[in-house]
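Each chain is listed here by its residues.
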Amino acid sequence: KKTLCSATLKMKKASTSQDKIKDAKIIFVVGGPGSGKGTQCEKIVAKYGYTHLSSGDLLRAEVASGSERGKQLQAIMQKGELVPLDTVLDMIKDAMIAKADVSKGFLIDGYPREVKQGEEFEKKIGKPCLLLYVDAKAETMVKRLLKRGETSGRSDDNEETIKKRLDLYYKATEPVIAFYEGRGIVKKVDSELAVDDVFAQVSKAIDAL
């Protein structure tokens, strides 16, 4: 025990920025396009003081900032190539460290998209305490996205593209969910219900952490 305590003290003294997020509560949020996960994330932020980080938003913000990393990312994305996993993880980690002092926890949205990403995240950053799976039927998501398309002006909100996006989402996500189910940290919420009823399920899961 004694050695353990002194080791802990040493670690505390070497409180690097990485240590700031060592014990952070991390929730992976998974849900298809149109599942309503964005809305649920907003509600979690408001009620629990978590920080919501979406890998897509972080990439777009980095490109918009015009930084060196942003320029490199833009070049990669313009070629239609995937941004390297290490780069995405570094950005998530930087964003977490920046918010570590004011955040009660982190919602990592739209990530991991495959099991390998989840494993790398754990090596570099930390283990999730929950995978929140916001689940809606495919036809519900299609309907919601088509409705959004009427006002959003997003060219990818048409039925054919939506169905392709959903196919990709299911293929990518099923192994991830199965992997974390093996650890017993998956909480599936039924997103067919009214927003507040969905959030009641979400709150129950977070309160139990």
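- Per an unreviewed UniProt entry, the protein chain carries the name Adenylate kinase isoenzyme 1 and comes from Poecilia formosa.

1. Some remarks on the overall build of the protein chain
Argument step 1. Helix and strand counts for the protein chain stand at 10 helices and five strands.
Argument step 2. The globule rule puts the C-alpha radius of gyration for 209 residues at 17 Å, and the 18 Å found for the protein chain is close to it.
Argument step 3. Summarising its shape, the C-alpha atoms of the protein chain cover approximately 60 × 40 × 30 Å along the three principal directions.
Argument step 4. Considering the protein chain as a whole, with its 209 residues, one finds that 39% of them fall into the buried category.

2. Section: the sheet that holds strand E2 (residues 51–54)
Argument step 1. Spatially, the five strands line up as an open sheet ordered E2-E3-E1-E4-E5, and their pairing is parallel. The sheet is open, and its two edges are formed by E2 and strand E5 (186–190), each paired on a single side. Taken pair by pair, the neighbouring strands of this sheet meet at an average axis angle of 25°, ignoring direction.
Argument step 2. In this fold helix H10 (residues 195–207) packs onto strand E1 (26–31), strand E4 (130–135) and E5, with an angle of close to 165° to the strand it touches most, E5.

3. So, the UniProt feature "binding site: AMP" (unreviewed entry) in the protein chain
Argument step 1. In this numbering, the UniProt entry assigns the feature "binding site: AMP" (unreviewed entry) to Ser-55, Arg-60, Glu-81, Leu-82, Val-83, Gly-110, Tyr-111, Pro-112, Arg-113, Gln-117, Arg-154 and Arg-165. Over a stretch of 111 residues, the named residues are scattered through the fold, their C-alpha atoms separated by up to 28.2 Å.
Argument step 2. In this structure, Arg-60 sits in helix H4 (residues 55–65).
Argument step 3. Here Arg-60 falls in the exposed class, since its relative accessible area comes to 52%.
Argument step 4. Accessibility expressed as a relative area gives 3% for Tyr-111, which makes it buried.

4. Points about the environment of Val-176
Argument step 1. One can find Val-176 in helix H9 (residues 159–181).
Argument step 2. A C-alpha to C-alpha distance of 23 Å links Val-176 and Lys-22, two positions 154 residues apart in sequence.
Argument step 3. In this structure, Val-176 is in contact with Pro-112, Arg-113, Glu-114, Val-115 and Leu-131, ignoring residues within four places of it in sequence.

Rules used in this analysis
- Residues numbered from 1 in each chain as written.
- Predicted model: local features only at pLDDT ≥ 70, side-chain atom pairs only at ≥ 80, totals over all residues.
- Heavy atoms only, no water.
- Helix = DSSP H or I, 4+ residues; strand = E, 2+ residues; numbered from the N terminus.
- Rg over C-alpha atoms; globule rule 2.2 N^0.38 Å.
- Buried < 20%, exposed > 50% of the residue type's maximum accessible area, 1.4 Å probe, protein only.
- Pairing = 2+ DSSP bridges.
- Axes fitted to C-alpha atoms, helices over the stretch in contact; angles between N-to-C directions.
- Contact = heavy atoms within 4.5 Å.
- UniProt positions renumbered as here; feature names shortened; annotations may be inferred.

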